[in-house]
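Residue-level structure breakdown
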Amino acid sequence: MTAAAAAPKISSARLIICYAAILGTLPYLTLKASWVTGGSLGLRDPSFVDSELMLFANLLTGGMDVVAVVLALAFTYSWGRRIPAPLVLFPIWIGTGLLAPIVLNLPVIVTDLAHAQLAEMPLENWVWAAVYGGFAWQGILLLTAFVLYARDRWWFVVTGTVRPGTIGMTGGLGIAAALVSAIGHGSWAFGSGGMSARGQDVVVALLSVLAAVALASVSRGRFWPRLVLVWTGAGVMAGSGAWGLFSAVGMSSHGLGRVLVLAVQVIGGVLMMTSVLRRLPHAARFEQTT
């Protein structure tokens, strides 16, 4: 193999980011492995995870962290650039939507965790810190690894200009859904629930609005900052909305109004992301690399 054909050397910084991100998945994966195999690690009440619904939820969320491990490796090693773009972009987009609100809401979460948890809660106090600390760690490092990967694979998105055209009906409906999401979460932020949950609602509402503004103005100014805002906001709408629907429907914990808002939120996130991807600069070259 000639030097020109040799795979580029992986920097030490990227290796550190990759394996540090993987390290952040271990607490959560350890808990999930214990619970799905009948263990009681971190449980005050082992019956909390005995139902079929909880078994499914633990397998699902544990599997999502396994995907995070694979993504961290794909973002670092050369074989990751040969993966078809949708297989990379969809899971990290949903991952962005699930992890970004936790990172942005972390000060509120830490403040909440500083207060003693109620003794009747089914989980030990340390579990909350391990889980949310791991999520925040993953959010920062996994998204950093993705930015470095995207910069290498799709560098022309940063340097290019927006593709001519309008956001169309798809984008317009997505913006309308984002406003519904913002109004819904904004109202929930002033309702009942813990401080962390209310802080999460504020973050989702704010990111929904920022995504709507970015998409509406996508033809003006630099493209990539608007892409980042739509990517993040639409991802939060789709990812956190889908998880909220699972919790609301599966656990019958919320009313019809909340379910409808979350459903609109998920659909809107997909519509906004579809609209902005159509405006990618040098779209033909992007498609060739997928």
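Counting restarts for each chain, with residues numbered from 1 along the sequence as it is written. Totals for whole chains, interfaces and linings use all residues, but because this is a predicted model, local features are given only for residues with pLDDT of at least 70 and pairs of side-chain atoms are given and counted only at 80 or more. Processing note: side-chain calculations cover all non-hydrogen atoms of the structure and skip hydrogens and water entirely.

1. Some points on the overall build of the protein chain
Put simply, the test is: Secondary structure follows DSSP: runs of H or I at least 4 residues long count as helices, runs of E at least 2 residues long count as strands, and numbering of each begins at the N terminus. Using the Shrake-Rupley algorithm and a 1.4 Å probe, accessible areas are obtained, with residue cover drawn only from the displayed protein chains.
Counting secondary structure elements, the protein chain contains 11 helices and zero strands. Put simply, the protein chain runs from its N terminus to its C terminus through helices and strands in the order α-α-α-α-α-α-α-α-α-α-α. Within the structure as shown, the protein chain displays about 14500 Å² of accessible surface, and the carbon and sulfur contribution to it stands at 71%.

2. Regarding the confidence of the model for the protein chain
Low pLDDT marks regions whose predicted coordinates should not be analysed in detail. In plain terms, the rule: A score between 0 and 100, pLDDT records how confident the predictor is in each residue. Pairs of residues are marked as contacts when any of their non-hydrogen atoms sit within 4.5 Å.
Looking at the protein chain as a whole, its pLDDT mean stands at 88, while 88% of the residues score no less than 70. Confidence over residues 1-5 falls short of pLDDT 50; this stretch has one contact with residues more than four positions distant or in other chains.

3. Observations concerning the pattern of salt bridges
Put simply, the rule is: Any carboxyl oxygen of Asp or Glu within 4 Å of a side-chain nitrogen of Lys or Arg constitutes a salt bridge here. Exposure is judged per residue with a 1.4 Å probe applied to protein chains only, and the accessible area is read against the type maximum: over 50% gives exposed, under 20% gives buried, and values in between give partly exposed.
Counting across every chain of the model gives three salt bridges. Note that Arg 14 is salt-bridged to Asp 152, the shortest N-O span being 2.5 Å. Residue Arg 14 is located in helix H1 (residues 12-36), and its partner Asp 152 is located in helix H5 (residues 125-153); the two are separated by 138 residues in the primary sequence. Using a relative accessible area of 15% as the deciding quantity, one classes Arg 14 as buried. Overall, Asp 152 belongs to the partly exposed group, its relative accessible area being 28%. Put simply, Arg 44 and Glu 124 hold a salt bridge, and the shortest N to O gap is 3.6 Å.

4. Some words on the environment of Gln 200
Assignment of secondary structure puts Gln 200 in helix H8 (residues 195-216). Given the relative accessible area of 25%, Gln 200 is considered partly exposed. Spatially, the C-alpha atoms of Gln 200 and Ile 102 are 7.3 Å apart, while their sequence positions differ by 98 residues. Apart from residues no more than four positions distant in its own chain, Gln 200 is found in contact with Pro 101, Ile 102 and Asn 105.

5. Some thoughts on the side chain of Ser 181
Looking at where Ser 181 falls in the secondary structure, it is placed in helix H7 (residues 168-188). Given a relative accessible area of 0%, Ser 181 falls into the buried group. Non-local contacts of Ser 181, meaning those with residues more than four positions away in its chain, are made with Val 204, Ser 208, Met 237, Val 261 and Gln 265.

6. Concerning the nonpolar core
The criterion, for reference: Only buried residues count toward a nonpolar core. Its members are Ala, Val, Leu, Ile, Met, Phe, Trp, Tyr and Cys residues joined through side-chain atoms within 4.5 Å.
Phe 75, Phe 146, Trp 154, Met 272 and Val 276 are the most contacted members of the largest nonpolar core, which totals 44 residues. One finds Tyr 28, Met 54, Ile 109 and Leu 123 within the second-largest nonpolar core, a separate group that totals 13 residues.

7. Considering the packing of H7 against H8
For any two helices packed against each other, one specifies the crossing angle of their axes together with the interaxial distance. The line we're drawing: To get an axis, a line is fitted to the C-alpha atoms, and for a helix only the part in contact is used. The angle between two axes follows their N-to-C directions and goes from 0 to 180 degrees. Each angle gets one of four labels, with under 35 degrees taken as roughly parallel, over 145 as roughly antiparallel, 65 to 115 as roughly perpendicular, and the rest as oblique. With the far helix as reference, a near helix turned anticlockwise by less than a right angle produces a left-handed crossing, and one turned clockwise produces a right-handed crossing. For this classification, the nonpolar set comprises Ala, Val, Leu, Ile, Met, Phe, Trp, Tyr, Cys and Pro, the charged set comprises Asp, Glu, Lys and Arg, and every other residue, Gly included, is treated as polar.
Remark: H7 packs on H8, axes separated minimally by 8 Å, with the N-to-C direction vectors making an angle of 155°. It follows that H7 is roughly antiparallel to H8 by the angle criterion. In terms of crossing hand, the pair formed by H7 and H8 is left-handed. Residues Gly 171, Ile 175, Ala 178, Ser 181, Ala 182, His 185, Gly 186 and Trp 188 of H7 pack against Arg 198, Asp 201, Val 204, Ala 205, Ser 208, Val 209, Ala 212, Leu 215 and Ala 216 of H8. Classifying every residue of the contact of H7 with H8 gives 10 nonpolar, five polar and two charged.

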